[in-house]
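Chain and residue survey
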Amino acid sequence: MENDERPGTILSEADSWKVLERNQHGRLAVSVLGEPDIYPLNFIAHEKRLLLRTNPGTKLAELTVNEKVAFEVEEIVDAEAWSVVLKGTARVIESQSEIDEADKLPLKPWIPTRKYTYVEITPTRVQGRYFELGDEPERY
């Protein structure tokens with residue numbers, strides 16, 4: 001069987017973090033009772049962890065039921081693309097000292113709403129790829 005898939009160049013963990021650090025929007029994947037959900041959201045990468053803000057609702061309920069999450073960010077510039085997938089555990093930040101520290105970060109809601117709950121994602125695995133974009137090659 002012929003495989004013409006080009007998986008791209010695997011990024012080092014340090015380069016994967018650089019992609020996370022220069023982006024603000026991604027997708028959070030959660031799964032509860034075998035049912036997956038994906039949520040677009042904004043975030044900040046800070047000290048080798050991700051922080052996001054949310055309000056009570058489905059997303060928050062799901063990640064508290066199952067703390068195992070995945071997060072993905074893509075970046076496309078001209079004919080280049082980067083994709084980073086982070087797997088880890090999520091927790092609601094509850095201590096006031098941690099909330100005070102998170103409040104100092106430039107993490108603002110994506111849409112004009114007030115979001116008071118911080119969630120921290122601590123990675124267990126970070127994996128990234130780099131792609132050179134282009135047209136499909138001609139058959140020979």
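See above for the structure.
Anyway, here's the lowdown on the structure attached to this text. The structure displayed is predicted, hence computed values, not measured ones. (Residues numbered from 1 in each chain as written. Predicted model: local features only at pLDDT ≥ 70, side-chain atom pairs only at ≥ 80, totals over all residues. Heavy atoms only, no water.)

Comments concerning the side chain of Glu62
Quick note on the threshold: Helix and strand definitions follow DSSP, with helices as H or I runs of at least four residues and strands as E runs of at least two, each counted in order from the N terminus. For every residue, the accessible area obtained with a 1.4 Å probe (protein chains only) is divided by the maximum for its type, and the residue is called buried under 20%, exposed over 50%, and partly exposed between those limits. The charge count treats Lys and Arg as positive and Asp and Glu as negative. His and the chain ends do not count. One speaks of a salt bridge when a side-chain nitrogen belonging to Lys or Arg is within 4 Å of a carboxyl oxygen belonging to Asp or Glu. Polar contacts, as counted here, are pairs of nitrogen or oxygen atoms within 3.5 Å of one another; within protein the pair requires one atom able to donate a hydrogen and one able to accept it, and residues that are adjacent in sequence qualify only if both atoms are side-chain atoms. When checking whether two residues touch, look at their non-hydrogen atoms; a contact exists if any pair is within 4.5 Å.
Tracing the sequence through the fold places Glu62 in helix 2 (residues 58–65). Buried charge Glu62 goes without a salt bridge, the closest partner of opposite sign being Lys59 at 9.5 Å. Polar contacts involving the side chain of Glu62 include one to the side chain of Tyr39, which spans 2.9 Å. If sequence neighbours within four positions are ignored, Glu62 has contacts with Val30, Val32, Asp37 and Tyr39.

Notes on helix 2
Condition: What the arc covers is the set of directions going from the helix axis to the C-beta atoms.
Among all positions in helix 2, only Lys59, Leu60, Glu62 and Leu63 are buried. All buried residues of helix 2 lie within an arc of 165 degrees about the axis, which places them on one face of the element. The exposed set on the far side of helix 2, more than 90 degrees from its buried face, consists of Thr58 and Val65. Those residues of helix 2 hidden inside the fold are in contact with strand 2 (25–32), strand 3 (35–42), strand 5 (50–54), strand 6 (68–77), strand 7 (80–92) and strand 8 (117–132).

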